[in-house]
Amino acid sequence: MTSVAQTSAAAAIAPSTLAKVPTVRPATDADDAFIEDLQAIAFGPGRFARTAFRIREQFPIDKSLSLVAEVEGTPCGSVWMTPISIGGINGYMLGPLATHPNFRKLGAGKLLAREVTKRTLARGEGQFVMLVGDRDYYCPLGWEPTVPGNIEFPGPVDPTRVLVFAEDKSLATTLSGKIGAFQQG
Ligand SMILES: CC(C)(COP(=O)(O)OP(=O)(O)OC[C@H]1O[C@@H](n2cnc3c(N)ncnc32)[C@H](O)[C@@H]1OP(=O)(O)O)[C@@H](O)C(=O)NCCC(=O)NCCS
C-alpha cells in the first residue's frame, strides 16, 4: 500500500517544481508495489512479451542488487540485475531500468545504470553487464556494442542494441553463445 501511495505522490508532483538531485539506495520489499507500477507505466503490457522478461523468468533477478532512485525521499526510479552467463562466462543483465515520467531528465536513469553496474562488478563474481538498449543512452556511460548475432537470446532482440560494459574491453567482441545460468562458486 505504501508503495502505491509513493507512486501517486510521484505523479502528483509537477516536473516544473523539480530542480532536485536524485540519490540511489538498495530496494527493499516495501518498494515492490512501486516498482511494479513504475514498470507498468514505463513499458506497458508489452513488457511481459519482451525477450528480457523471458530471461528473467528463467534466471531470477538478484534482489540484493536492485536499486531505487529517490528525489527528496520520493521513489522515482528503479533498476534490476539478473545474474547470467554467456558462453560460460559469468556476468549480469541490467534491466528493466525505468524512471517515473515526472522525474525524467534529472539524471536518475544514468545514476541508476552507473551505480548498479559499479556495485555489481565490485562483487568480483561476474565479468560484464549486458543490456538491450539504446546506444545513444548507454554508450556514453561506457557500454559498447557487441558483435551482432554473437549472443544467443531465447527470443527476438535487435542485435544492434545488445551492449556490454566490462573492464576487459575485449569482451564486447568475444562474448558469444547462449545465455545461461550464472555458475556458482
Ligand atoms: C530511458 C529512461 C530510463 C531515462 O531516464 P531519465 O531519468 O530521464 O534519464 P537521465 O535523466 O539520466 O538522462 C536523460 C537524458 O537522456 C536522454 N535520453 C532519454 N532516453 C534516451 C534514449 N532512449 N536514447 C538516447 N537518449 C535518451 C534524454 O533526452 C536526456 O538528455 P539530456 O540530458 O540531454 O536532456 C526513462 O526515460 C524511462 O524510464 N523510459 C521508459 C523505459 C525505458 O525505455 N527504459 C530503458 C530501457 S533500455
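Provided above is the structure to which this section pertains.
The text that follows walks through the structure, step by step, so that each part is easy to find. (Residues numbered from 1 in each chain as written. Predicted model: local features only at pLDDT ≥ 70, side-chain atom pairs only at ≥ 80, totals over all residues.)

## Describing the site of the ligand
Right, so step 1: Neighbouring residues of the ligand: 16 residues in total, closest T99, R104, G109, K110 and G133.
Right, so step 2: Counted by class, the shell around the ligand contains seven nonpolar, four polar and five charged residues. (Near = placed C-beta within 6 Å. Nonpolar A, V, L, I, M, F, W, Y, C, P; charged D, E, K, R; others polar.)

## Points about unusual backbone geometry
Right, so step 1: Residues G95 and P96 are joined by a peptide bond in cis, for which omega reads -5 degrees.
Right, so step 2: Although it is not a glycine, E72 adopts a positive phi angle of roughly 50 degrees.
Right, so step 3: With respect to the helices and strands, the residue E72 is situated in the loop between β2 (67-71) and β3 (74-86).
Right, so step 4: Exposure remark for E72: the 11 C-beta atoms within 10 Å place this residue in the exposed category. (Helix = DSSP H or I, 4+ residues; strand = E, 2+ residues; numbered from the N terminus. Buried ≥ 20, exposed ≤ 12 C-beta atoms within 10 Å, placed from the backbone.)

## With respect to helix α2 (residues 32-43)
Right, so step 1: For α2, which comprises twelve residues, the first-to-last C-alpha distance of 16 Å matches the rise-based estimate of 16 Å (1.5 Å per residue) to within 8%.
Right, so step 2: Turning to α2, its buried residues number three or more, namely F34, I35 and L38. Looking straight down α2, one finds that the buried residues subtend no more than 95 degrees of arc, so they occupy a single side.
Right, so step 3: G44, located one to two residues past α2, shows a positive phi value of around 70 degrees. (Expected span 1.5 Å × (residues − 1). Arc of directions from axis to C-beta.)

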